[in-house]
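Breakdown of the fold
Residues per chain, in single letters:
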Amino acid sequence: MLTQMRVREAQALLNAGEHSGSYYLLGYALECAIKVCIVKTIPAFTVPDRRLIDKMHTHDLEELLKLAQLWNDLLRHSGTDAQFGLYWAVAKDWNEHSRYKAWSAAQARDLHVAVTDGGSGVLPWIQQRW
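Note that the structure is a prediction, hence the values are computed from the model and not measured.

Examining the packing of aromatic side chains
- What the rule picks out here adds up to 5 aromatic pairs.
- Taking the centre distance of 3.8 Å and the plane angle of 10 degrees together, the rings of Y23 and W103 count as stacked. Pair noted here: Y23 is in helix 2 (residues 19–40) and W103 is in the loop between helix 6 (82–91) and helix 7 (105–116), with a separation of 80 residues, a long-range link. For the pair shown, Y23 and W103 are each scored as buried.
- Pairing Y24 with W94 gives two aromatic rings, centres 5.8 Å apart and planes at 35 degrees, and the pair type is tilted. Of this pair, Y24 sits in helix 2 while W94 sits in the loop between helix 6 and helix 7, placing them 70 residues apart in sequence.
- Taking the relative accessible area as the measure of exposure, Y24 reaches 16% and is therefore buried.

Okay, here's the thing in structure tokens:
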């Protein structure tokens with residue numbers, strides 16, 4: 001799946017010292033994962049509403065979570081899992097403009113952990129909702 005491919009690529013870039021590329025791809029992996037959740041809200045054999053499709057053409061993680069009907073769940077989970085809340089605080093700052101910025105090794109590592117941590121990471125939380 002595309003999400004896992006982007007995480008693997010981000011890890012390879014991080015290992016190669018290409019921190020900015022790694023940072024960008026990690027956020028893109030989250031975006032892809034949330035969009036999977038949105039698609040799963042559409043009943044099979046139906047044509048999705050055009051407004052939903054138009055709204056999906058965003059890179060805003062918060063807006064995508066709302067479209068996936070996961071935003072309130074994320075807020076609740078952030079309140080009950082403090083580590084998840086910290087990880088979301090790191091991940092939420094990603095956006096499509098991240099590709100135009102230089103990110104440090106520490107920032108890329110922090111986002112990598114926030115996204116992939118098996119215990120409280122943002123991506124595993126999203127994947128549980130596929």
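Observations concerning helix 7
- With 12 residues, helix 7 should reach 16 Å at 1.5 Å per residue; the first-to-last C-alpha distance of 16 Å fits that figure.
- Against helix 1 (2–15), helix 2, helix 6 and helix 8 (122–127) lie the buried residues of helix 7.

With respect to the packing of helix 6 against helix 7
- Where helix 6 meets helix 7, the axes come as close as 9 Å, and the angle between the chain directions of the two elements is 130 degrees. What the angle tells us is that helix 6 and helix 7 run oblique. Read as a crossing pair, helix 6 and helix 7 show a hand that is left-handed. Side by side, helix 6 and helix 7 meet where Y87, V90 and A91 of the first sit next to D110, L111, V113 and A114 of the second.
- In the contact of helix 6 with helix 7, the residues fall into 6 nonpolar, no polar and 1 charged.

A closer look at the nonpolar core
- Ranked by size, the top nonpolar core spans 36 residues in total, and within it L30, I34, I38, L65, W88, V122 and I126 carry the most contacts.
- Among the elements of the structure, helix 1, helix 2, helix 3 (50–56), helix 4 (61–67), helix 5 (71–80), helix 6, helix 7 and helix 8 are those that each provide at least two residues to this core.
- Top element by residues in this core is helix 2. It accounts for 10 residues.
- When neighbours within four sequence positions are excluded, W88 is seen to be in contact with L61, L65, W71, L74 and V122.

Definitions and cut-offs
Residues numbered from 1 in each chain as written. Predicted model: local features only at pLDDT ≥ 70, side-chain atom pairs only at ≥ 80, totals over all residues. Heavy atoms only, no water. Phe/Tyr/Trp six-rings, centres within 6.5 Å; stacked < 30°, edge-to-face > 60°. Helix = DSSP H or I, 4+ residues; strand = E, 2+ residues; numbered from the N terminus. Buried < 20%, exposed > 50% of the residue type's maximum accessible area, 1.4 Å probe, protein only. Expected span 1.5 Å × (residues − 1). Contact = heavy atoms within 4.5 Å. Axes fitted to C-alpha atoms, helices over the stretch in contact; angles between N-to-C directions. Parallel < 35°, antiparallel > 145°, perpendicular 65-115°, else oblique. Left-handed = near helix turned anticlockwise from the far one by under 90°. Nonpolar A, V, L, I, M, F, W, Y, C, P; charged D, E, K, R; others polar. Core = buried A, V, L, I, M, F, W, Y, C linked by side-chain atoms within 4.5 Å.

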